[in-house]
Amino acid sequence: MNLDTLNPAQREAVEKTDGPVLILAGAGSGKTRVLTTRIAHLMEDKGVQATNILAITFTNKAANEMRERVEETIPGANTKEMWISTFHSCCVRILRKDINRIGYNRSFVIYDSGDQITLVKDCLKELNLSDKVFEPKSVISAISGAKDKLYNPKQFKAIHLSDNRMSKIADIYALYQDRLKRNSALDFDDLIYKTVELFKEEKEVLDFYRSRFKYIMVDEYQDTSKAQYELIKVLAKEHQNICVVGDDDQSIYGWRGADIRNILEFEKDYDDVHTVKLEQNYRSTQIILDAANTVISNNIERKRKKLWSEKKEGELIKIQLSDNEVDEADFIADTIARVARRDRRPYKDFAVLYRANAQARSIEDALNRSQIPYNIYGGTKFYERKEIKDLVAYLRVIQNPQDDISLKRIINVPRRGIGLRTIEKIEDRASLKQESIYSVLIDIDTNSDISTKARASISGFVDIIGTLRTISTVYPVSKLIEKVLDTTGYLDELEKDKSEDSQDRIDNLKEFISIALEFEQNNEEKDLQTFLTSVALTSEQSNDEENDKVSLMTIHTSKGLEFPVVFLTGMEEGLFPISRAVRSMNDSEIEEERRLCYVGITRAKEELFMTLTKKRTLYGKTNPSIASRFMEELPLECIEKLNKMEKELTYSKANYNILDKYTKKYMNNVNKSTVATNVKATIKDSQKETDIDDIKLGSKVHHPKFGIGTVVAMVGTDVTIAFDQQGIKKINKEYTTLDLL
DNA sequence: TATCATTTACTTTTT
DNA sequence: GTAAATGATA
């Protein structure tokens, strides 16, 4: 194995194969190259068998890339025996083999976040808890946090004994787990949690994998959770041949359970850790690196490192201030067109990055206007579309009829006259008998409290599922899907409706069939269960990367990618760093935002543009902007302002306080008025309109529906009015006729 | 029970 | 601004 092309640090990281190794790999320092070379070195020079290697990544994409590159490095290597996979698919593989030892069904289904919400709602109903007080989303994030930290419901309850709300959530957690098990389902967090549990409880299983995985490598280690950390630790316990690669400065998934301490304290957790820092950057110009280094140096909690490059200084970072998001987008489109022409760059050299998906729209519009082709990454995912989820629910029920959540989703889709009342009755019966809904459906005839009509529909449904179940064992998945769409009448229903929307849905379903066909071609195991697993664990949409298009994505999504020209947009307080207005951010949240900014800057190879606006409309509300504090952290010698920045706009303590006050006041008004009433106060198509400028704070007005009131607040296009009879209401002045008194 | 109107939420999301 | 969830009505 020739290691001469590596730099000294990279070479050290490759050659130090035994014992714990921490590789701190800065952005663009060639870490994938180091990892693949290391695997090749293990096999070629150290005689390690492929079966003894475990390489863990976070994305399927990274796993595939790594496997391909190992194959390139050692042609003919038998990489099939090597486990190069994501945490989740690695765990599924382990669990499918042995989860029955801890009381689960080996043919479990995997629930996505949508299913989780449905299940939590069911649990809330059963516990008679309000979903207003216990918002399903926040309940799930609490449960997910608990699982990431390896707390079972009992432990979770014990920790939060003094906290009433949290201890109620612990009860929900307990029921939630119970229901998952009864449905033969695991959620994403369970995949990790249950594997750790399996290893803890079944020594035999643990020993098997311990002796198999003699060399373990973990990529993106800064993103591991406590549970993932524990999983690796327990596997590596004996041989200690564990190599983790990561960059604490690129830890941007703290909100998803990633525990940055895992990487910061790796040296404490293992004995005799060999640490290698990869600081030479092969990606960006020195100016871009200087900017990135300076910004990130404002973080306190980090391992010191400084990226350097042999590349030339390069272009200054250009900063553009626009009036609003439309102008910002136009600037981006114009600049792309100009630079593409000037430097003869293909469109795929450009990326437009933003903090929130909602920003994409205006950019899309501008690119469309300029006829610049683009690809959007992220947003609503393919598998989250209603029709796809319905279809997947059918497939799941076929594979595992115990899956109540999926069954309830499709029992009346398309409508077959099994209404809410009937379902409720069946559910009651199921929980009484501690059985699955499907088993109640099967002997529905013995059920007297259900109408004959409903009973007929139900046995029709049971017949359909029964037939499909029989077919499923012999048909390939693509054929099975066609059968499902056909026999359930799902496709018919869509075809009857001639709307554009339905045509889109039909196209999506066809797309799903071709995904199934592709699956059949690429996999040795072609059964339904394997297909469903792959659907659950894959979210990447096949964006045609071959094409010459500009890339639009969030900064999160851009991690690990690089582009010659990058636009970082919306560099404004409140948007980046983002804040949820009411609650101001704490230091660690700001540090994570700053790391995100670091990730964004370091995506650029040659040119970087940063854009911001004077005022921005987001979610239908227009607010004045203040420059992001990260702009102030850029070294002056690295930047060039394309237009003059106004003083009020720059980030400073004083300006920030003004914004803060404004935001608080704004939030107060919104809360008060929306809490006070549920009555709609918007009237469209009004004949005449009162000139809005005439209305001032304290004005007496007459509203056609609510009568006389006083204006107590005005924000954006919303007027909040205290009515004499109806209480406080928020009214959109653009759509309402108000008579000034 | 189905459909329409109205309200509500809305950061990021590798699996 | 907008999709999805909820609530009111036929």
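Only a predicted model underlies this, so the values are computations on that prediction, with no experimental measurement involved.

1. Here's the deal with the overall build of chain A
When helices and strands are tallied, chain A shows 29 helices and 22 strands. By the burial criterion, 52% of the 741 residues in chain A qualify as buried. Once local pairs closer than 6 in sequence are excluded, the contacts in chain A between residues at least 24 apart make up 74%. Accessible area of chain A: about 35000 Å², with a carbon and sulfur share of 48%.

2. A short note on the pattern of salt bridges
Inspection of every chain in the model, using the stated rule, returns 50 salt bridges. Close ionic contact of Glu267 with Lys303 constitutes a salt bridge, the shortest N to O distance being 2.5 Å. One end of the pair, Glu267, is in helix α13 (residues 266–269); the other, Lys303, is in the loop between α14 (286–296) and β9 (317–322), with 36 residues separating them in the sequence. On the basis of relative accessibility, which here comes to 14%, the residue Lys303 falls in the buried class. A salt bridge links Arg616 to Glu572, with the nearest nitrogen and oxygen atoms 2.8 Å apart. With Arg616 in strand β15 (residues 615–618) and Glu572 in the loop between β13 (563–568) and α27 (587–601), the pair connects residues that are 44 residues apart, well separated along the chain.

3. Notes on the sheet that holds strand β3 (residues 83–86)
The strand order across the open sheet formed by six strands is β3-β2-β6-β7-β1-β8, and the pairing between neighbours is parallel. Every interior strand has two partners, whereas the edge strands, β3 and β8 (274–278), have only one. Averaged over all adjacent pairs, the angle separating strand axes in this sheet is 15°, with direction ignored. Helix-sheet contacts for helix α1 (residues 8–15) involve β1 (21–25) and β8, and the interaxial angle to β8 is about 145°. Helix α3 (residues 60–73) rests against β2 (53–57) and β3 of the sheet, and its axis sits at about 160° to β3.

4. Regarding the packing of helix α4 (residues 87–98) against helix α25 (residues 528–537)
Where α4 contacts α25, the two axes come as close as 11 Å, and the packing angle between them is 150°. By the angle between their directions, the pair α4 and α25 is classed as roughly antiparallel. α4 and α25 meet at a crossing whose hand is right-handed. Along the contact surface, α4 presents His88, Ser89, Val92 and Arg96, while α25 presents Gln529, Thr533 and Leu537. Grouping the amino acids of the contact of α4 with α25 by side-chain chemistry returns two nonpolar, four polar and one charged.

5. What about the protein's contact with DNA strand C?
Close to DNA strand C lie Arg361, Tyr619 and Gly620, which account for all nearby residues. Of everything in DNA strand C that lies within 4 Å of the protein, sugar and phosphate atoms constitute 22%. In the model, a phosphate oxygen of DNA strand C is placed 3.4 Å from a nitrogen or oxygen of the Arg361 side chain.

6. Points about α25
Counting buried positions along α25 gives seven out of 10 residues, so the element sits mostly inside the fold. Among the residues of α25, those classed as buried are Leu528, Gln529, Phe531, Leu532, Thr533, Val535 and Leu537.

7. Re the UniProt feature "binding site: ATP" (unreviewed entry) in chain A
Here the UniProt-annotated "binding site: ATP" (unreviewed entry) positions come out as Ala25, Gly26, Ala27, Gly28, Ser29, Gly30, Lys31 and Thr32. Its location among the elements puts Gly26 in the loop between β1 and α2 (31–44). Excluding anything up to four places from it in sequence, Gly26 contacts Asp247, Gln250, Leu278, Lys305 and Leu307. Among the secondary structure elements, Thr32 is positioned in helix α2. With a relative accessible area of 22%, Thr32 lands in the partly exposed category. Aside from chain neighbours lying at most four places away, what touches Thr32 is Glu65 and Arg69.

8. A closer look at the side chain of Ser472
Tracing the backbone shows Ser472 in helix α21 (residues 452–472). Side-chain polar atoms of Ser472 contact the backbone oxygen of Arg469, separated by 2.7 Å. Once residues lying within four places of it in the same chain are set aside, the contact partners of Ser472 are Ile398, Leu480 and Leu528.

9. Let's talk about the domain arrangement of chain A
Domain assignment breaks chain A into domain 1 (8–100 + 192–278), domain 2 (109–183), domain 3 (308–379 + 545–641), domain 4 (382–539) and domain 5 (699–740). Computed from C-alpha coordinates alone, the two centres of domain 1 and domain 4 are separated by 38 Å. Each partner contributes to the interface: domain 1 provides six residues, whereas domain 4 provides five residues. Carbon and sulfur atoms make up 50% of the surface buried where domain 1 meets domain 4, a total of about 420 Å² over both sides. Counting across the interface, domain 1 meets domain 4 through one salt bridge. Between Glu524 and Lys80 there is a salt bridge, with the nearest N and O atoms lying 3.9 Å from each other. The interface formed by domain 1 and domain 4 holds two residue pairs in polar contact (both at pLDDT 80 or more) in total. Top element by residues in the side of domain 1 that touches domain 4 is α4. It accounts for four residues. Tallied by class, the residues present in the side of domain 1 that touches domain 4 amount to one nonpolar, three polar and two charged.

10. Topic: the sheet that holds strand β11 (residues 374–376)
With parallel pairing, the seven strands of this open sheet are ordered in space as β11-β12-β10-β13-β14-β9-β17. Lying at the two open borders of the sheet, with one neighbouring strand each, are β11 and β17 (639–641). Ignoring which end each strand starts from, the neighbouring axes of this sheet average 20° apart. Where strand β10 (residues 350–354) and strand β12 (residues 550–554) come together, four bridges link them in parallel fashion.

11. Focus on the pairing of β10
For β10, the buried fraction is high: five of the five residues fall into the buried class. Residues Phe350, Val352 and Tyr354 line one face of β10 and the alternating positions Ala351 and Leu353 line the opposite face, and both faces are buried. In terms of strand pairing, β10 meets β13 through four bridges, oriented parallel. Bridging across to β13, Ala351 finds its partner in Val566.

12. Thoughts on the packing of aromatic side chains
By the definition in use, this model includes 16 aromatic pairs. Plain terms: the ring middles of Phe58 and Phe87 are 5.5 Å apart, the flat faces sit at 65° to each other, and that makes the pair edge-to-face. Taken together, the residues span a long stretch of sequence, with Phe58 in the loop between β2 and α3 and Phe87 in helix α4 at a distance of 29 residues. Taking the centre distance of 5.9 Å and the plane angle of 50° together, the rings of Phe199 and Tyr209 count as tilted. With Phe199 in helix α9 (residues 188–201) and Tyr209 in helix α10 (residues 203–212), this residue pair connects regions lying 10 residues apart in the sequence. Residue Phe199 shares its accessibility class with Tyr209, and that shared class is buried. By way of ring pairs, the aromatic residues Trp83, Phe199, Phe208, Tyr209 and Phe213 are connected into one cluster. The lysine or arginine in question, Arg96, covers the ring of Phe108, its NZ or CZ lying 4.1 Å from the ring centre.

Conventions and cut-offs
Residues numbered from 1 in each chain as written. Chains lettered and ligands numbered in written order. Predicted model: local features only at pLDDT ≥ 70, side-chain atom pairs only at ≥ 80, totals over all residues. Heavy atoms only, no water. Helix = DSSP H or I, 4+ residues; strand = E, 2+ residues; numbered from the N terminus. Buried < 20%, exposed > 50% of the residue type's maximum accessible area, 1.4 Å probe, protein only. Contact = heavy atoms within 4.5 Å. Areas by Shrake-Rupley, 256 points an atom, 1.4 Å probe, with all protein chains shown as cover. Salt bridge = Lys/Arg side-chain N within 4 Å of Asp/Glu carboxyl O. Pairing = 2+ DSSP bridges. Axes fitted to C-alpha atoms, helices over the stretch in contact; angles between N-to-C directions. Parallel < 35°, antiparallel > 145°, perpendicular 65-115°, else oblique. Left-handed = near helix turned anticlockwise from the far one by under 90°. Nonpolar A, V, L, I, M, F, W, Y, C, P; charged D, E, K, R; others polar. Near = heavy atom within 4 Å. Polar contact = N/O pair within 3.5 Å; in protein donor to acceptor, adjacent residues only side chain to side chain. UniProt positions renumbered as here; feature names shortened; annotations may be inferred. Domains from an automatic or database assignment. Buried area = accessible area lost by both parts, 1.4 Å probe. Phe/Tyr/Trp six-rings, centres within 6.5 Å; stacked < 30°, edge-to-face > 60°. Lys NZ or Arg CZ within 6 Å of the ring centre and 35° of its normal.

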